[in-house]
Amino acid sequence: MTTPVDRQAPAVPVELDYGRTVDRSLVHRDAVSEVFVTDVRPVADRLVSAAVQLPLNHGYYNDHVQRPAAHDALLLLEAGRQAAIAGSHVHIGLSPGTLMIVDTFRLELPGFRHLLIGAGPGRLRIDTDYIGEPTRRGRYRKGKVVQRFLIDGTAEVGEHEMDVLFLNAHEHEVLRRAQRGGPAPLTSDRRDREEASGGPPRVAPGLVGRALPVNVTLSDPRTGARGLSAAVTPRFDNRSLFDHVYDHLPAMTLVEAARQIALLATGAPLTTYATGFTAAFSRFAELDAPLRAEAPAAEHRAGPGELPVRFVQDGAEIARITVTTTGGAP
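Residue numbers run consecutively from 1 along every chain, following the written order of its sequence. The model is predicted, so local features are restricted to residues of pLDDT at least 70 and side-chain atom pairs to those at 80 or more, both for listing and for counting; the totals for chains, interfaces and linings are taken over all residues. Calculated side-chain values reflect all of the structure's heavy atoms, with hydrogen atoms and water omitted.

Trainee: Please set out the sheet that holds strand β12 (residues 316-327) residue by residue, giving values where relevant.
Mentor: Here, any two strands with at least 2 DSSP bridges between them count as paired. Think of it this way: any DSSP run of H or I at least four residues long counts as a helix, any run of E at least two long counts as a strand, and we number them from the N terminus. The strand order across the open sheet formed by twelve strands is β1-β2-β4-β5-β6-β3-β9-β12-β11-β10-β8-β7, and the pairing between neighbours is antiparallel. At either margin of the open sheet sits one strand with a lone partner, and together these are β1 (37-44) and β7 (218-224). Within this sheet the neighbouring strands show an average axis-to-axis angle of 25°, counted without direction. Judged from the nine bridges that link them, strand β9 (residues 272-281) and β12 form a sheet pairing that is antiparallel. Its bridge partner lying in β12, Ala274 is registered against Thr325. The criterion used for residue contact is that any of the two residues' heavy atoms lie within 4.5 Å. Angles here are taken between N-to-C directions and fall from 0 to 180 degrees, while the axes themselves are lines fitted to C-alpha atoms, restricted in helices to the stretch in contact. Strand contacts of helix α1 (residues 73-92): β1, β2 (47-54), β3 (99-108), β4 (122-131), β5 (142-151), β6 (155-167) and β9, with the helix running at about 55° to β4, the strand carrying the most contacts.

Here it is as structure tokens:
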């Protein structure tokens, strides 16, 4: 990784292939159905372009009640993550098995109107800059990824940037044991337990912009003078949120919970779209302790269309995600 390069489209854009997805190992996914990147090509030093096909009928990313239907902002976030990981392995030199741990990220979609779903799958291009410096031994410990999204190669949709840490599997295990004093439980254990008990009664899907109960991440909503809060209780049998086994709640699950509490707070889930996120993660979200999302009342917010959501576990804030929403048709 190096200093930022010009993020404008190259004078002669590389030809990208949308014919088939890349190997699932390149984007750290177990299921082929969860892979959206179809091609990754170098453009310049530390600048990589990726092709992404946006699906029309996905059980998680297309399960929204808003009309007109639009490609999900979280789908673009996931596509950006996959493009960054694939590019880092194929063209930047990160070794296989390196984990990309998100510290902060920002996604802005001012061109959200271009994400309205048409007759065919969306064709997205993601240009990714890799910014950072290796250690003396040539390893990357941390860095920044800056991305630019374009639909059909020309229509500007938005930008995404994230600060990340790079760990191998052993380093991640050592870190988690040091934080907890022992091994962490796994999402596979939680899935088995929930299948036996049925899990907590969750919010009705329509209240958080969803059609399917499996995609609801909140339960026990409470409204008070200070605002709205809810328990974060995702379904562990949701194979999009939990494509493989984790020892914590991944960042994307927290983003989904933040989006859902934002829609719940508006009271207008049929006509409200999430069009941006700003997030900072200070601790892992543990599986074996209650986690609540808290959103302030309207009079305590910075402005209309932006809702800061705090995630609190064991009395401490572990993450903060601000959700930008847009009402009406994009």
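Trainee: Quick one: what's the story with the packing of aromatic side chains, residue by residue and with numbers?
Mentor: Two rings from Phe, Tyr or Trp (for Trp, the six-membered ring) form a pair when their centres sit within 6.5 Å of each other. Planes less than 30 degrees apart are called stacked, planes more than 60 degrees apart edge-to-face, and all others tilted. All told, the structure shown has six aromatic pairs when counted by the stated rule. On the numbers, 6.3 Å between centres and 75° between planes, the contact of Phe242 with Tyr246 is edge-to-face. Per-residue accessibility, obtained with a 1.4 Å probe over protein chains only, is compared with the maximum for each type, and a residue is labelled buried under 20%, exposed over 50%, and partly exposed between these values. The exposure class of Phe242 is buried, given its relative accessible area of 1%. Ring pairs connect the aromatic residues Phe36, Tyr60 and Tyr61, which therefore count as one cluster. The cationic tip of Arg123 hangs over the ring face of Tyr18; the distance from NZ or CZ to the ring centre is 4.0 Å. Any Lys NZ or Arg CZ that is within 6 Å of a ring centre and within 35 degrees of that ring's normal is treated as a charge sitting over the ring. Over the aromatic face of Phe284 sits the side chain of Arg176, whose NZ or CZ is 4.5 Å from the ring centroid.

Trainee: Tell me what's going on with the side chain of His89, and back it up with residues and numbers.
Mentor: Along the chain, His89 turns up in helix α1. Looking at His89, its side chain comes within polar contact range of the side chain of His28, at 2.9 Å. What His89 contacts, discounting residues up to four positions off in sequence, is Leu26, His28, Leu94, Ser95, Pro96, Gly97 and Thr98. We call two N or O atoms a polar contact when they sit within 3.5 Å, provided that within protein one can donate a hydrogen and the other can accept it, with sequence-adjacent residues counted only if both atoms are side-chain atoms.

Trainee: Hey, could you go over the pairing of β5 for me, with residue numbers and the actual values?
Mentor: Burial analysis of β5 places eight of its ten residues in the buried class, the great majority of the element. Of the pairings in the sheet, the one linking β4 to β5 comprises eight bridges and is antiparallel in character. The partner of Asp127 across the bridge, within β5, is Arg148. Alignment of β5 against β6, held across ten bridges, turns out to be antiparallel.

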